[in-house]
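Topology and contacts: notes
Now for the letters of each chain:
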Amino acid sequence: SDTIRSIRELNPNVPIIVGGPHPTIDHENVLFENDIQAVIIGEGELPLTEIATKMVDNKLRSRSVNFPSNQQLSQIKGIAFKVPEESFESLYLTN
């Protein structure tokens, strides 16, 4: 989308997490067709809070803001994110 492209032009390293009706219904396509880190499925207050908490915890440990690892993300219910495999990316859906 234009919004994601604009954000990437300003800061290519900023994490982008999307949610809402469209990403909830079509999370796989939204995730793979956009340069984003995660999709929140359904209500987003708790998953987004957990992602932010893990980012703060990572900052306290490493002194830099790091997006949660795939292992950390897999512990958060209600999100989908890409998992790089050998030659492709697969979807990881938490529930």
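Thresholds, definitions, all that
Residues numbered from 1 in each chain as written. Predicted model: local features only at pLDDT ≥ 70, side-chain atom pairs only at ≥ 80, totals over all residues. Heavy atoms only, no water. Core = buried A, V, L, I, M, F, W, Y, C linked by side-chain atoms within 4.5 Å. Buried < 20%, exposed > 50% of the residue type's maximum accessible area, 1.4 Å probe, protein only. Helix = DSSP H or I, 4+ residues; strand = E, 2+ residues; numbered from the N terminus. Contact = heavy atoms within 4.5 Å. Salt bridge = Lys/Arg side-chain N within 4 Å of Asp/Glu carboxyl O.

Moving on to the nonpolar core. By size, the foremost hydrophobic cluster in this structure holds nine residues: A38, I40, I51, M55, L73, I76, I79, F81 and V83. Only β2 (38-40), α4 (45-62) and β3 (79-84) provide two or more residues apiece to this core. Per-element tally for this core: the top contributor is β3, with three residues. Other than its neighbours up to four places away in sequence, I51 contacts I17, F67, P68, L73, I76 and I79. Counting residues in hydrophobic clusters, the runner-up holds eight residues, among them I4, I16, V39 and A80.

With that settled, consider the pattern of salt bridges. For the structure shown, the criterion picks out two salt bridges. Of the charged contacts, one joins R8 and D35 as a salt bridge, the two residues approaching to 2.9 Å between their closest N and O atoms. You can see R8 sitting in helix α1 (residues 2-10) and its partner D35 sitting in the loop between α3 (27-33) and β2, a full 27 residues away along the chain.

Here we take up the environment of L10. Along the chain, L10 falls in helix α1. Relative accessible area serves as the criterion here: at 77%, L10 is assigned to the exposed category. When the C-alpha atoms of L10 and D35 are compared, they prove to be 14 Å apart, with 25 residues separating the residues in sequence.

Bringing the environment of F67 into the picture now. Mapping F67 onto the fold places it in the loop between α4 and α5 (70-73). Assessed through its relative accessible area of 22%, F67 is described here as partly exposed. A C-alpha to C-alpha distance of 19 Å links F67 and E9, two positions 58 residues apart in sequence.

All right, on to the environment of K59 then. One can find K59 in helix α4. Along the primary structure K59 and T94 are separated by 35 residues, whereas in three dimensions their C-alpha atoms are 24 Å apart.

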